[in-house]
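# What the coordinates show
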Amino acid sequence: MAALPDWQNAARIAIYLAADGEIDTQPLAHMARSLEKQVFLPVIADKDRLGFALWDAGDPLTANRYNIPEPPDGATRCPVSELDIIFLPLVGWDVHGGRLGMGAASTTGRWQSTGGPLLVGLAHQQQQVEAGIPLDSWDIVLDYIATDKALYRRRRRQ
């Protein structure tokens, strides 16, 4: 991640807990904490809105209504606008930064309108699709895609 712009200056990063063959983020969390960065996990808030809660090493996680582990209710929350980098899992990606994903992160295009965090997709190289991914207005367009082979820079669509 050292090649990622703003990594050195990032104080608050959001990751996900890997499932179903997604890229494992545990090493990333460990690296971030060793550099004294705060690590946040997604939490399901009211009305199924996605939020982020601080995840300290060793904190117990509890399953939400979708059986996804989250930090406890009392964990410090962080608005998206105050995160520096959000790492997102990918099902597929294209050369324009288009993303195929699952769950709430697939419908949070508002992150881009905040001028907020750097959006970085984590994927296996073979998940790249040659044809452009059709995007709706609410879909996330990534700034970077990090694969097991390379780091790809992409622009956000306006």
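Residues numbered from 1 in each chain as written. Predicted model: local features only at pLDDT ≥ 70, side-chain atom pairs only at ≥ 80, totals over all residues. Heavy atoms only, no water.

## Focus: helix H1 (residues 26-34)
Turning to H1, its buried residues number three or more, namely Leu28, Ala29 and Ala32. The arc that holds every buried residue of H1, seen down its axis, measures 100 degrees, which confines them to one face. Counted as exposed and oriented over 90 degrees from the buried face of H1: His30 and Ser34. Two residues or fewer past H1, Glu36 is found with a positive phi of approximately 65 degrees. (Buried < 20%, exposed > 50% of the residue type's maximum accessible area, 1.4 Å probe, protein only. Helix = DSSP H or I, 4+ residues; strand = E, 2+ residues; numbered from the N terminus. Arc of directions from axis to C-beta.)

## Here's the deal with a nonpolar patch on the surface
Side chains of Met1, Met31 and Leu35 sit close together on the surface and give an oily, nonpolar patch of about 230 Å² of accessible area. For Leu35, a relative accessible area of 42% corresponds to the partly exposed category. (Patch = residues over 30% accessible without salt bridge, like charges linked within 9 Å, V, L, I, M, F, W, Y side chains within 5 Å. Areas by Shrake-Rupley, 256 points an atom, 1.4 Å probe, with all protein chains shown as cover. Salt bridge = Lys/Arg side-chain N within 4 Å of Asp/Glu carboxyl O.)

## Observations concerning the packing of aromatic side chains
Tallying each qualifying case throughout the model produces two aromatic pairs. With a centroid separation of 6.4 Å and 70 degrees between ring planes, the pair formed by Trp7 and Phe87 is classed as edge-to-face. In this pair, Trp7 sits in the segment before strand S1 (12-14) while Phe87 sits in strand S6 (residues 85-89), placing the two residues 80 residues apart along the sequence. Relative accessible area serves as the criterion here: at 2%, Trp7 is assigned to the buried category. Judged by centre distance (5.0 Å) and plane angle (45 degrees), the ring pair of Trp93 and Tyr152 falls under tilted. Of the two residues, Trp93 is situated in strand S7 (residues 92-93) and Tyr152 in strand S11 (residues 151-153); the sequence distance between them amounts to 59 residues. (Phe/Tyr/Trp six-rings, centres within 6.5 Å; stacked < 30°, edge-to-face > 60°.)

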